[in-house]
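An overview of the molecular structure
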Amino acid sequence: MPRAIDLPTVLPRGGVIDPAAGDIAKIFAAPEDPAEWPAWRADLAAWREEARARLNYDGAVYERAETEWARAAYSVAQIWLWDERLFDHERQEFTVDAFLDATADHGGFDGIVLWHAYPVIGIDDRNQFDFYRDVPGLDAVVAAFHARGVRIFIDYNPWDTGTRRAPDADPEELAKVVGELGVDGVFLDTMKEGDARLIDALLQATPPQVLEGESRVPNQRIQDHQLSWAQWFSDSAAPGVMRAHWFERRHMMHSTRRWNRDHSDELQSAWMNGTGLLVWDAVFGVWVGWNERDKATLRRMLRVQRALSDVLVDGEWSPLLGASEEALAAGVYVSRFAADGATLWTVVNRGDQDWTGDPLAAPAADGARRHDVTDGRADVTAVRVPARGVTGILEVVAGGAHPASLLREAADDTAADDARFPAREAVRTVPPRTPAATAPVDAVVVEQGERELAVTFRRRETGFYQGAPYVEEWKPLPPRLHDDRRETLTVTIRGRVAVAAREVTAAEFAGFVAATGYRPVAGARFLVGTASGDAPAVGVSLADARAYAAWAGARLPDEFEWQLAAEQPGFARSEPAVWNWTESEHSDGVTRFVMLKGGSDHVASGSDWYTDGGRRDASFSLKFLLPGLGVERSSSIGFRLAWDLSSADELTVGERTADTQAVDGGVQR
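Residues numbered from 1 in each chain as written. Predicted model: local features only at pLDDT ≥ 70, side-chain atom pairs only at ≥ 80, totals over all residues. Heavy atoms only, no water.

1. A look at the overall build of the protein chain
- When you go through the protein chain residue by residue, the secondary structure sums to 16 helices and 33 strands.
- Computed over C-alpha atoms, the radius of gyration of the protein chain comes to 28 Å, within 12% of the 26 Å expected from 2.2 N^0.38 for 669 residues, which places it in the range of a compact globule.
- Burial analysis of the protein chain (669 residues in total) assigns 61% to the buried set.
- Across the protein chain, the fraction of contacts at a sequence separation of at least 24, relative to all contacts at a separation of at least 6, is 77%.
- Positive and negative side-chain charges of the protein chain, numbering 71 and 103 respectively, have mean locations separated by a distance of 1 Å. (Helix = DSSP H or I, 4+ residues; strand = E, 2+ residues; numbered from the N terminus. Rg over C-alpha atoms; globule rule 2.2 N^0.38 Å. Buried < 20%, exposed > 50% of the residue type's maximum accessible area, 1.4 Å probe, protein only. Contact = heavy atoms within 4.5 Å. Lys, Arg positive; Asp, Glu negative; His and termini not counted. Charge placed at Lys NZ, Arg CZ, Asp CG, Glu CD.)

Here it is, written out as structure tokens:
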């Protein structure tokens, strides 16, 4: 259920409301009785006039030519930088065109937030700026998006105070990063608004930035924040008005409910307000993809919004004006936007059945023509408004421009009514096996067989193996967030396995490099943090660890083999303690992750948003989203080896007959 702060705010008669509530309201609720709507529209206008005068509002930032694009940025996607549609982990290269092609069924994006550090930040001492600067060629990725007409945002994490400090304070450091990468905007993670120093640094940056706050930006900051999220906004039964956009029509808002599988509420609210959507189909490593019906609705909206943005932004906006009695009786609502001889009616159907008819009370003006710009039909008197969907009717005065291209594009689109969740499974990937060598005599043997294995983890937004930790929920808060969890898995070990008593050392890995001339595909951060001698080899990627294991006639243990070995005598941790890579890589085709075991001596403190640190019990598993290009290499991650054994008691050369499997609804063979 929505929290109290998510609920729509009732605007008192006359438009006079306590600024403590009115200046931060999410949505002004529409009255249930249509007879009250004319007075409500007058109240909205009175409230806006009073608020602007009281705050001495100055909208000069919206007149800057460099950032005027933001007012029409109707669709923005939030994307993990290492999303497999955007980054090829095998070739270790970014694939901008492939990503845009793969996501074209959302109608195309006006902007993209390249999310970079959370949820892996805290694995070592790198700060949020390092997680951008350590990516080779990221500026070229930004340029490639720009070449396709897509604006790029980076994100700022104000809670990152427990990692190494950058040379300058955050505002100045962030301004340097946006200049280095050439991005267009900054998303303010967890923040409704930036402080004066941050705002000034970004507005004066080269290039000048647009700021987008998370959730409800207050009226006082609309003058320097050109965008904001409409996150977890609960609308009234009759569509209400988004306070920030009503206050400043050029302020773009992006509706989003990150855990929803049904986005029809957000879509309808945005359509009736002339605002946009945030597409977020992989939330920090968890797939929450959009269904076909909602993607089709978004496409219907975006074509019209982009073609008629001047009408939506500069025209006269009359909320809940123009619906026929028949439409209202069916739960079909209408709002009106008019400018320069063109009138757009945005129409939504709150019901679960398609509605067909004339939703408008008044006939067209003499000589004017009405077109269904969402279905692509000219000269209409009746339209179809899909269940839980939207329709747009454009009236053009006599002699006005005919929207031929818009109608053609709409007619060519394929409508969809499939509202099923497009589920994905994270499948365990297993690299090719190499002939096994003899395991060392001090290795810890894990016997084959089935066991009930207790696994612990901290519930974060990353989820665990499969599925979202929260489904169709409003904002999760402690104790349902960052809480310690325990699950019992039925685990089958198919074949005896020997797990090394300790991690591979820096000296051993150096010997491998010297003997083979090994050079990784992506060399950035290779062996970073690696000490000499018996200290664990760190600064190695999962691919580096696998390469060493293959050379040594071994492999990596999976997370269950590691845990079972760690619970036996003889299993040791080297100094300093580091997380261990395991042969537990998974991919759902969008997000790739690996289970890490053991914990490390490094702990990032000061925020629950940091990834887990400290030495951990053998049962603890960390779902680590896998970056690329060496960013995954850490001074806090090493590895140990495993060998497949025969059924004989002694440690001899053996062959693994099958992969470990766990019956948890997610770990795949």
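What follows picks up the thread again.
2. Topic: the packing of helix α10 (residues 292–307) against helix α13 (residues 404–412)
- In the contact formed by α10 and α13, the axes pass within 10 Å of each other and the chain directions differ by 170°. One way to sum up the angle between α10 and α13 is to call them roughly antiparallel. From α10, Arg303, Val304 and Ala307 reach across to α13, where they touch Leu406, Glu409 and Ala410.
- When the residues that make up the contact of α10 with α13 are grouped by side-chain class, the tally is 4 nonpolar, no polar and 2 charged. (Axes fitted to C-alpha atoms, helices over the stretch in contact; angles between N-to-C directions. Parallel < 35°, antiparallel > 145°, perpendicular 65-115°, else oblique. Nonpolar A, V, L, I, M, F, W, Y, C, P; charged D, E, K, R; others polar.)

3. Looking at unusual backbone geometry
- Of note, the bond from threonine 206 into proline 207 is cis; its omega dihedral lies within 30 degrees of zero at 0°.
- If you trace the backbone, proline 207 turns up in the loop between α7 (196–203) and β8 (210–213).
- The linkage connecting proline 478 with the following residue, proline 479, adopts the cis geometry, with an omega of 10°.
- Structurally, proline 479 can be placed in the loop between β24 (449–458) and β25 (484–493).
- Phi at arginine 525 is positive, roughly 65°, even though this residue is not glycine.
- Residue placement: arginine 525 occurs in the loop between α14 (506–516) and α15 (542–551).

4. A look at the pairing of strand β9 (residues 227–231)
- Counting buried positions over the 5 residues of β9 gives 5, a clear majority of the element.
- Burial along β9 is two-sided: Leu227, Trp229 and Gln231 and Ser228 and Ala230, pointing in opposite directions, are all buried.
- One ladder, built from 2 bridges, connects β8 with β9; its direction is parallel. Within β9, the residue paired with glutamate 212 across the bridge is leucine 227.
- Direction of pairing for β9 relative to strand β11 (residues 252–256): parallel, over a ladder of 5 bridges. Opposite glutamine 231, over in β11, you have threonine 256 as the bridge partner. (Pairing = 2+ DSSP bridges.)

5. Some details on the sheet that holds strand β21 (residues 390–396)
- Pairing in this open sheet of 5 strands is antiparallel, and the strands run β15-β16-β17-β21-β19 from one edge to the other. Among the strands making up the open sheet, the edge pair consists of β15 (316–318) and β19 (369–372). On average, each strand axis in the sheet is inclined to that of its neighbour by 20°, with strand direction left out of account.
- Two elements, β19 and β21, share 4 bridges in a ladder whose sense is antiparallel. Each bridged residue has a counterpart across the sheet, and for histidine 371 the counterpart in β21 is leucine 394.
- In the packing of helix α9 (residues 264–273) onto the sheet, the strands contacted are β15, β16 (332–339), β17 (342–349) and β21, and the crossing angle to β17 comes to about 160°.

6. Some thoughts on the environment of alanine 364
- Position of alanine 364 among the secondary structure elements: in the loop between β18 (355–357) and β19.
- Expressed as a C-alpha distance, the spacing of alanine 364 and glutamine 231, which sit 133 residues apart in the sequence, is 37 Å.

7. Structural notes on the sheet that holds strand β5 (residues 111–115)
- Pairing is parallel in the closed barrel, where 8 strands are placed in the order β2-β5-β6-β7-β8-β9-β11-β12. Across the sheet, the axes of successive neighbouring strands diverge by a mean angle of 25°, strand direction being ignored.

8. What to know about the side chain of arginine 303
- Within the secondary structure layout, arginine 303 lies in helix α10.
- For arginine 303, a relative accessible area of 16% puts it in the buried group.
- Of note is the side chain of arginine 303, whose polar atom sits 2.9 Å from the side chain of aspartate 413.
- Apart from residues no more than four positions distant in its own chain, arginine 303 is found in contact with Thr374, Leu406, Glu409, Ala410 and Asp413. (Polar contact = N/O pair within 3.5 Å; in protein donor to acceptor, adjacent residues only side chain to side chain.)

9. A short note on the packing of aromatic side chains
- Scanning the entire structure with this criterion turns up 38 aromatic pairs.
- An angle of 10° between the planes, with centres 3.9 Å apart, marks the rings of phenylalanine 457 and phenylalanine 464 as stacked.
- Plain terms: the ring middles of tyrosine 465 and phenylalanine 560 are 6.4 Å apart, the flat faces sit at 35° to each other, and that makes the pair tilted. Of the two residues, tyrosine 465 sits in the loop between β24 and β25 while phenylalanine 560 sits in helix α16 (residues 559–566), which places them 95 residues apart along the sequence.
- Taken together, Trp115, Tyr118, Trp159, Phe187, Trp229, Trp280, Phe284, Trp609 and Tyr610 form an aromatic cluster joined through their ring pairs.
- Over the aromatic face of phenylalanine 620 sits the side chain of arginine 616, whose NZ or CZ is 4.5 Å from the ring centroid. (Phe/Tyr/Trp six-rings, centres within 6.5 Å; stacked < 30°, edge-to-face > 60°. Lys NZ or Arg CZ within 6 Å of the ring centre and 35° of its normal.)

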